[in-house]
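What the coordinates show
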Amino acid sequence: MKRAAAVVAGLVLALTACSSGQQAAENRQGQAGFVSGTHNVSVFAPADRKPAPVFTGTTLDGKTWTLSDHLGKVVVLNVWGSWCPPCRKEAPDLVAANKELGPSVQFIGLNTRDLDPAPAKKFVQEFGVQYPSVYDPNGKSLLRFRGQISAASIPSTLVIDKTGKVAARVIGDVTKQTLLGMVKDAG
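Residues numbered from 1 in each chain as written. Predicted model: local features only at pLDDT ≥ 70, side-chain atom pairs only at ≥ 80, totals over all residues. Heavy atoms only, no water.

Quick look at the overall build of the protein chain
This is how the line gets drawn: Each helix is a run of DSSP H or I of at least 4 residues and each strand a run of E of at least 2, with the numbering of both proceeding from the N terminus. Buried residues are those whose accessible area, probed at 1.4 Å on protein chains only, stays under 20% of the maximum for their type, while exposed residues exceed 50% and partly exposed ones sit between those limits. Pairs of residues are marked as contacts when any of their non-hydrogen atoms sit within 4.5 Å. Here the open area of atoms and residues is found with the Shrake-Rupley method and a 1.4 Å probe, where only the protein chains shown may cover a residue.
Secondary structure summary: the protein chain contains five helices and eight strands in total. In the protein chain, which comprises 187 residues, the share counted as buried stands at 48%. Residue pairs in contact within the protein chain that sit at least 24 positions apart in sequence constitute 70% of those at least 6 positions apart. A total of about 9,700 Å² of accessible surface is found on the protein chain, and carbon and sulfur atoms cover 57% of it.

Written out as structure tokens, the structure reads:
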């Protein structure tokens, strides 16, 4: 009975991980799929910004990272998985934006649904990612952002302003130019 419930839950997850009725799910090493993003950029006026949730976690290198420690800086939070083709596509743009913006902006990755940290660490090494990523294999940290980003929309990127409020969001992969504009608007 428990196995049947798990199969049904897996089917529901697979069906909800489809975009516009097209199969967008990729199954790899037991991973559920992703929703191919619409590249929909949302920028919020200061009066319309909602607070980012309390967010803390352990990074891929074993350190604790907490959003509230970075109040006073713009924070770019990128949700990704090593198993996600659009995440691989956007990685060079995120690395380039991080380099161009420098230490005035804090980048943080939120690695989700990588059940083993080894592929995530390989991804970071392969793309030369210099900023930390919180390791979130079960998606609990990602669920804190419910209402701001969908747990199925990977990749997604949030720009959080200096006061800890969400200033902009991209559902789907992000380009360097779009990210630079979003950070400028959040400043």
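What about the pairing of strand β8 (residues 166-171)?
A regular strand places its side chains so that they alternate between the two faces of the sheet. Cut-off, in case you're wondering: Being paired, for any two strands, means DSSP has found at least two bridges between them.
Counting buried residues in β8 gives six out of six residues, a clear majority hidden from the surface. Bridge count for strand β1 (residues 40-43) against β8 is four bridges, and the pairing is antiparallel. By the bridge assignment for β8, Val41 is matched with Val170. Sheet analysis places strand β7 (residues 156-160) next to β8, joined by five bridges and oriented antiparallel. Counted as the bridge partner of Leu158 is Arg169 from β8. Hairpin geometry of β7 and β8 is characterised by an intervening segment of five residues between the two adjacent antiparallel strands and by a positive phi of about 90° at Gly164.

Details of the nonpolar core
Inclusion rule: Residue types Ala, Val, Leu, Ile, Met, Phe, Trp, Tyr and Cys, when buried and joined through side-chain atoms within 4.5 Å, form a set referred to as a nonpolar core.
Formed by 45 residues in total, the largest nonpolar core has its most connected members in Phe55, Leu77, Phe107, Leu110, Val159 and Leu179. Listed by contribution, the elements that provide at least two residues to this core are β4 (74-80), α2 (85-101), β5 (105-112), α3 (117-127), β7, β8 and α5 (176-186). Ranked by the residues each element gives to this core, the list is headed by β4, at six residues. Leaving out residues up to four positions away in the same chain, Leu77 has contacts with Phe55, Ile108, Leu110, Phe145, Ser156, Thr157 and Leu158.

Regarding α5
Selection criterion: Working note: the arc is built from the helix axis to C-beta atom directions.
Among all positions in α5, only Leu179, Leu180, Met182, Val183 and Ala186 are buried. Along the axis of α5, the buried positions cluster into a sector of 165°, meaning they face one direction only. Those residues of α5 that are exposed and aimed more than 90 degrees away from the buried face are Gln177 and Lys184. For α5, the elements touching its buried residues are β1, β4, α2, β5, β7 and β8.

Looking at empty space enclosed by the protein
Operational definition: Cavity means a closed set of points on a 1 Å grid over the protein atoms alone, one where a 1.4 Å probe fits but cannot get out, pocket means an open set with protein on both sides within 12 Å along at least 5 of 7 lines, and lining means a residue has an atom within 4 Å of a point. Grid points are joined across faces, edges and corners, and a volume is the space filled by probe spheres set on the points. Amino acid classes used here: Ala, Val, Leu, Ile, Met, Phe, Trp, Tyr, Cys and Pro are nonpolar; Asp, Glu, Lys and Arg are charged; the rest, including Gly, are polar.
Tallied over the full model, the rule gives one cavity of 30 Å³ or more. Size it by volume and the largest cavity reaches roughly 70 Å³. Along the walls of the largest cavity sit Asn78, Trp80, Cys87, Glu90, Ala91, Leu94, Phe123, Val129, Tyr131 and Ser133, which together make up its complete lining. Every element with two or more residues in the lining of the largest cavity is listed here: β4 and α2. It is α2 that contributes the most residues to the lining of the largest cavity, four residues altogether. Broken down by class, the residue content of the lining of the largest cavity amounts to seven nonpolar, two polar and one charged.

Bear in mind that shape data such as this cannot, by itself, settle questions of function.
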